[in-house]
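Residues per chain, in single letters:
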Amino acid sequence: MEEGELFGFLGPNGAGKTTTVRCISTLTNVTSGEIYVNGVNVVKEQTKAKKFMGVIQQTISLDKDLTIRENMVSHAMYHGMGKAERNARIKDLSDYFGLEEYLDKPVDSLSGGWKKRAAIVCAMLHQPKVLFLDEPTSGLDINARRLLWDVVKRLNQSGTTIVLTTHYIEEAEALCDRVGIIDHGKIIALDKPSVLIEQTGRTAVEYMEDGKTVYNYFHSMDEAQKFVSAGGHEDATVRKTNLEDVFVELTGKSVGDQR
């Protein structure tokens, strides 16, 4: 990842996205190799690394027995923040994310989308340079998902480097500066979404053959139309190529496949 970018890991469930992020963010011990973030060896200097990292896991880690404000205070104290500093940060971030009216409500009184926002505030209290989001919109409805997209964009625009994992194609295309497509624990493609699509072919043609959908990719609409005309595929669909097409071409699997 590059400083200040919004980087995404895209891949099917079980491909290694969460494990990779957990290793980078010190939540899982690595068995070999070294990892450097912000110039710090996170394997050997975990305490130092944690000071500039924030992590939002798939399962929201807020304490259900506390209010939103109490959760924030608890997180701030964990990072050694004094009362004046933490109160100022809680106010600033709550205002920024529109959480003021929810601060003294129990965690379980909030919807999934607002819980995610509260979790992000907790992770941002100590002003991390790098924020890890592990499938942040999983389980959210489309409206809550798009609201969270806005939050993630605003954070990135304010200077926070963000690393997120997702298996939602539209999420990676809408948010990420660069995408690493991961499968079986290995990155099999890494670049801007537009570049990955360009490499595959900007225009996709799909049609039925022997009961199966066949996909072909072309670098121009003219090439695609000529293929359709020459092949007699009157029922063919001609559309723009997307990242799911790129993934399937590289791996032979659909994004979201279970292992």
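In what follows, the structure referred to is the one given above.
The notes below deal with the structure included here. (Residues numbered from 1 in each chain as written. Predicted model: local features only at pLDDT ≥ 70, side-chain atom pairs only at ≥ 80, totals over all residues. Heavy atoms only, no water.)

Quick word on the packing of aromatic side chains
Here is step 1 of the chain: Under the counting rule described, the total for this entry stands at five aromatic pairs.
Here is step 2 of the chain: On the basis of an interplanar angle of 85° and a centroid distance of 5.2 Å, the ring pair of phenylalanine 7 and phenylalanine 9 is categorised as edge-to-face. This pair shows no difference in class: phenylalanine 7 is buried, exactly as phenylalanine 9 is.
Here is step 3 of the chain: Seen from their ring centres, tyrosine 207 and phenylalanine 227 are 6.0 Å apart, and the 40° between their planes marks the pair as tilted. Residue tyrosine 207 is found in strand 9 (residues 203-209), and its partner phenylalanine 227 is found in helix 9 (residues 221-231); the two are separated by 20 residues along the sequence.
Here is step 4 of the chain: Among the residues examined, tyrosine 207 registers a relative accessible area of 7% and is labelled buried.
Here is step 5 of the chain: Overall, the relative accessible area of 24% leaves phenylalanine 227 in the partly exposed class.
Here is step 6 of the chain: Ring-pair connections join several aromatic residues into one group, and the members of that group are Tyr207, Phe218 and Phe227.
Here is step 7 of the chain: Across from the ring centre of tryptophan 114, 4.6 Å away, lies the NZ or CZ of arginine 117, which sits over that ring.
Here is step 8 of the chain: Cation over ring: arginine 154 sits above tyrosine 96, and NZ or CZ is 4.1 Å from the ring centre. (Phe/Tyr/Trp six-rings, centres within 6.5 Å; stacked < 30°, edge-to-face > 60°. Buried < 20%, exposed > 50% of the residue type's maximum accessible area, 1.4 Å probe, protein only. Helix = DSSP H or I, 4+ residues; strand = E, 2+ residues; numbered from the N terminus. Lys NZ or Arg CZ within 6 Å of the ring centre and 35° of its normal.)

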